[in-house]
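What the coordinates show
As a plain string of letters, each chain reads:
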Amino acid sequence: MLIRTTISAIHILAFGLVPTSIFSPAGTPAHSIFDLSMFVFAITGTIFLVVAGLLLYALIRYRNQPGHTGREPTQIYGSNQIEVSWTVIPILIVVVLFLTSARVIFTTQAAPKPKKALDVVVIGHQFWWEFRYPKLGIVTANELHVPVSDPLHPTPTYLTMSSADTDHSFWVPRLAGKTDVIPNKVNVMWIDPATPGLYLGQCAQYCGTQHALMLIRVYADSPSDFAAWVARQKMPAVESADAAEGEAVFQRNACINCHTVAGTVATGRFGPDLTHLASRDTIASGALPNTEENLRGWVDNPDHYKPGALMPPMHLNQHDLDAVTKYLTTLR
Amino acid sequence: MATQTPVSPVADRTTALRPSGRMLEVLHEWVTTVDHKKIGLMYIAYALVFMLIAGVQALLMRIQLAVPNNHFVSPQEFNRLFTMHGTTMVFFVGMPILFGFGNYLVPLMIGARDMAFPRLNAFSFWIAGFGGLLLYFSYFAGSGLYAAGTAPDVGWFAYAPLTARAFSPGHSTDYWTLGVLLSGIGTIGTALNIVTTTICMRCPGMKMSRMPLLVWLYFVTCCMVFVAVSPLTAAQIMLMIDRYLGGHFFDTQAGGSAVLWMHFFWIFGHPEVYILVLPAFGFANEIIPVFSRKAIFGYPAMVGATVGIGFISLSVWAHHMFSVGLGPGANAFFTFATMVISVPTGIKIFNWLATLWGGNIHFTTSMMFAVGFLFQFLIAGLTGIMLSVAPFDWQLTGSYFVVAHFHYVLVGAILFMIFSAFYYWFPKMSGRVLVEKLGKWHFWLFLIGFHLTFDFMHIPGMLGMPRRIYTYEADRGWAMWNMIISSGAVLQAIAILIFVYNMVWSYFKGPVAGPDPWDAWTLEWTTTSPPPAYNFAVLPTVESRRPLWDLKHPEDPDSNYE
């Protein structure tokens, strides 16, 4: 514990408060990787110091000095004892490193799933994330809400992942290592943040033009916050009278081909579910804060913010654009 | 050239009067040559041109990433840049430059007059060269993702299904496929040639156990080419079948497998790293002993370690796929296999260390690059061990840490050793020594630039920065590191310009080398610089691994100890 605290203090001094550092783990998988990485750093660091030290010594000690006679040094062709020793010692190091790694591989990837685990289906799309909670009947995008996991009564979240198009990779460094999200293949990983907070990450496998802005936000909520979030997300879309015009514009345009707003005629699945869009902090897969201005600009021309994004510019007139933006901001 | 029809003296004199006529004649001679030295030099020149192009691509990327939220290049252009940079550096710089040196040196070092199949040699060069031109022709003729681009933009390992027609509708991916396919054919041809030459063309007395280590290293490399490049070639053909003949190997929308492509690619891709690094080891095995004035330490162990690396490297490919979800059993196996390869690699480093030990080390520019290689290869090996630890790799893979690691191998080890080889063998190839003073400038600038760029590149990776992103958010704490990385790139670029200038200047005005400027021990130094066509007037006979040592020290020849 003391070692961990010291290391994290050094880390903050050296790198600042980085929201995505692998050295500030906040969940079990990330913690076990962190501990293993410190062990690996210690071993490789020692090897480096020994070998580089010997090299440096040899280079200085045996350099050609002025006034050298020009006689060739003694020719040595090899030595079986020495060569055996520098074969056997590395083999021993390899065995130790392998056994330590294998333990973490199995405790992470073959861990038994607790009964109270939450299930989330993660679907990677070209340049955004779809999150479905099958047992709760919730569908959302880009911002994953999970309950914090008390180490004594763990409630980890199991992510069952696949892709709708190209390869992606789900990486939130403070919670766990990455797992690829591949079409026609189902991968499972788990996360268990112990403290409430926001954990950032992003797609880590090149997936096309906007790979860079396929960001991930994981909100670890306290049990009561999580329950409140679930209750709200389960409700159908808010119907508000002063947004009726915008809703009509939304429904008679191509918006509904790609987007779902639960309880309305909009049932498209190609783009993010918008039922509770206004409850999210960001739009465009974490690339923009969810403000009215950004929403308006995004609907008008997504390419301006995310060149290569698959949503087409909607070519609405100013009046309709305002109306749709208003409608979207009411979808709490 | 004995292979050409003799030109009559009269016709010869008339063409000599017209400069353009002479130019054409020289051009004709180079285009039609089957001489291993000329082909080797053409390989090297071709690789250097592509190195400058791919270097400019790297600089453009570093300008884009120097500050967060930059708009220097568009995302589409950035994706083309890293795809072309990677593809070019691996297939059209690394491979041809190493095969260039191999072509030039292997016959000379085993006392042969040419390669076993001179015409296959020429064919291999020209087909690989055509592959490179085809890849770059895509800038004029192709179109990429969403028909938005021109050059390929699917990444150098071109993961399926991004390469499927659904996601890459234009032709740029086809140019990538065909360019790499042709380069692979050339590679296999040259590998076949070097293996045959090594087995069949050695001069009298040169048993396998007396071959210079460089020749051994090329021999193992070329054997690996057969096993490693063939799957890549097969995969390219399968991809073309998918794209044009309705196949579904990698087409995930019709039941194909994206993971299958990864296996095909990395069963090529990882041995490929060793295919590139073994020749660099070969250079080190020749250069370090000569400038330490000692025989290589543990020759049999060096050969054994090389063959060991050759075999083990064929069983480590899935360490590129730890995050793919292969399951704990497979991850554990590939963790172990990858760690095991560090044993023979370690043996090599220790043997070089022991060669230096007790020597009389001359710090020529060539040796300084070799020393840089030793330290940097050590670090690259150790970060490689970190990446072999599968759980650690789950964090590091696909991040800038990996980019830093493999550039440490490719630049810090391989390119440093290639520079070392240039300073060492340029006198043999041109007859003139590269100017040492410019060489030292080249070395120090490149060394500082290299460490600024690639040491600091490990950090943003560990701080969560994925590779292949055209921009990043300002709040992630990556900006300062990226600025340092980019500034190092500028220093490296200046160093490369000094190197190019040095080659041109020294070619015309450098000190005359003579046959043996380094007081070396292998057969290429017995002939004139540059060697005549057909290399040796009389085929040499050797008694030991260092024939020139025996010649220079008749009182204490190596043959007494082997």
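As the structure is a computational prediction, the values presented were derived from the model and not from experiment. (Residues numbered from 1 in each chain as written. Chains lettered and ligands numbered in written order. Predicted model: local features only at pLDDT ≥ 70, side-chain atom pairs only at ≥ 80, totals over all residues. Heavy atoms only, no water.)

Quick word on the domain arrangement of chain B
Quoted interface sizes are often the accessible area lost when the parts come together. Residue and element names in this part refer to chain B. Parsing chain B into structural domains produces domain 1 (1-32) and domain 2 (33-560). Its C-alpha centre places domain 1 at a distance of 36 Å from the equivalent point of domain 2. Between domain 1 and domain 2, the residue contacts involve six residues of the former and seven residues of the latter. Summing the contributions of domain 1 and of domain 2, the shared interface buries around 750 Å²; its carbon and sulfur component is 68%. In this structure, the connection of domain 1 to domain 2 is made through one salt bridge. Note that Glu29 is salt-bridged to Lys38, the shortest N-O span being 2.9 Å. Counting the contacts that link domain 1 with domain 2 gives three residue pairs in polar contact (both at pLDDT 80 or more). Considered class by class, the residues forming the side of domain 1 that touches domain 2 number three nonpolar, two polar and one charged. (Domains from an automatic or database assignment. Contact = heavy atoms within 4.5 Å. Buried area = accessible area lost by both parts, 1.4 Å probe. Salt bridge = Lys/Arg side-chain N within 4 Å of Asp/Glu carboxyl O. Polar contact = N/O pair within 3.5 Å; in protein donor to acceptor, adjacent residues only side chain to side chain. Nonpolar A, V, L, I, M, F, W, Y, C, P; charged D, E, K, R; others polar.)

Remarks on the sheet that holds strand 5 (residues 157-163) of chain A
Residues and elements named next belong to chain A. Strand order across the open sheet formed by five strands is 3-2-1-5-8, with mixed pairing between neighbours. Of all the strands in the sheet, just strand 3 (138-141) and strand 8 (187-191) have a single pairing partner and so form its edges. Pairwise comparison of adjacent strand axes, ignoring direction, gives a mean angle of 25° for this sheet. Direction of pairing for strand 1 (residues 118-125) relative to strand 5: parallel, over a ladder of seven bridges. Counterpart to Val121 in the pairing with strand 5 is Thr160. (Pairing = 2+ DSSP bridges. Helix = DSSP H or I, 4+ residues; strand = E, 2+ residues; numbered from the N terminus. Axes fitted to C-alpha atoms, helices over the stretch in contact; angles between N-to-C directions.)

Focus on the interface of chain A and chain B
Taken together, the contacts link 89 residues of chain A with 102 residues of chain B. Carbon and sulfur atoms make up 70% of the area that chain A and chain B hide from each other, which totals about 8,000 Å². When the buried surface of chain A facing chain B is broken down by residue, A:Tyr77, A:Trp86 and A:Tyr206 rank first, second and third, together holding 10% of it. Counting every contact that joins chain A to chain B gives one salt bridge.

Details of the environment of B:Gly329
Residues and elements named next belong to chain B. As for its placement among the helices and strands, Gly329 is situated in helix 10 (residues 328-340). Among the residues examined, Gly329 registers a relative accessible area of 44% and is labelled partly exposed. Residues Gly329 and Ile494, spaced 165 residues apart in sequence, show a C-alpha to C-alpha distance of 48 Å. (Buried < 20%, exposed > 50% of the residue type's maximum accessible area, 1.4 Å probe, protein only.)

Overview of the nonpolar core
B:Phe101, B:Phe283 and B:Trp425 are the most contacted members of the largest nonpolar core, which has 250 residues in total. Ignoring sequence-local partners within four residues, the contact set of B:Trp425 consists of B:Phe101, B:Leu105, B:Met109, B:Leu214, B:Phe283, B:Glu286, B:Ile287, B:Glu524 and B:Trp525. Of all hydrophobic cores here, the second largest spans 31 residues; its members include A:Phe127, A:Phe170, A:Val181 and A:Cys203. (Core = buried A, V, L, I, M, F, W, Y, C linked by side-chain atoms within 4.5 Å.)

Some words on the environment of A:Leu198
Residue and element names in this part refer to chain A. Considering the arrangement of structural elements, one finds Leu198 in strand 9 (residues 197-203). Along the backbone, Leu198 and Ala309 are 111 residues apart, and their C-alpha atoms lie at a distance of 25 Å. Leu198 has contacts with Arg217, Val218 and Tyr219, leaving out every residue within four places of it along the chain.

Some points on the packing of helix 3 (residues 36-65) of chain B against helix 16 (residues 479-509) of chain B
Residue and element names in this part refer to chain B. Contact geometry for helix 3 and helix 16: axes closest at 9 Å, N-to-C directions at 160°. In terms of orientation, helix 3 lies roughly antiparallel with respect to helix 16. Crossing handedness for the pair helix 3 and helix 16: left-handed. The segment helix 3 lies against helix 16, with Leu48, Leu52, Leu59, Arg62 and Leu65 engaging Asn482, Ile485, Ser486, Ala489, Val490, Ala493, Ile496, Phe499, Val500 and Met503. Residue composition of the contact of helix 3 with helix 16, grouped by class: twelve nonpolar, two polar and one charged. (Parallel < 35°, antiparallel > 145°, perpendicular 65-115°, else oblique. Left-handed = near helix turned anticlockwise from the far one by under 90°.)

Regarding the sheet that holds strand 9 of chain A
All names here are of chain A. The five strands lie next to each other as 4-10-9-6-7, forming an open sheet whose pairing is mixed. Since the sheet does not close on itself, it has two edges, and those belong to strand 4 (143-147) and strand 7 (179-181), each with one partner. Averaged over all adjacent pairs, the angle separating strand axes in this sheet is 25°, with direction ignored. Here six bridges tie strand 9 to strand 10 (residues 215-221), and the two strands are oriented antiparallel to one another. Within the sheet, the bridge partner assigned to Leu200 lies in strand 10 and is Arg217.

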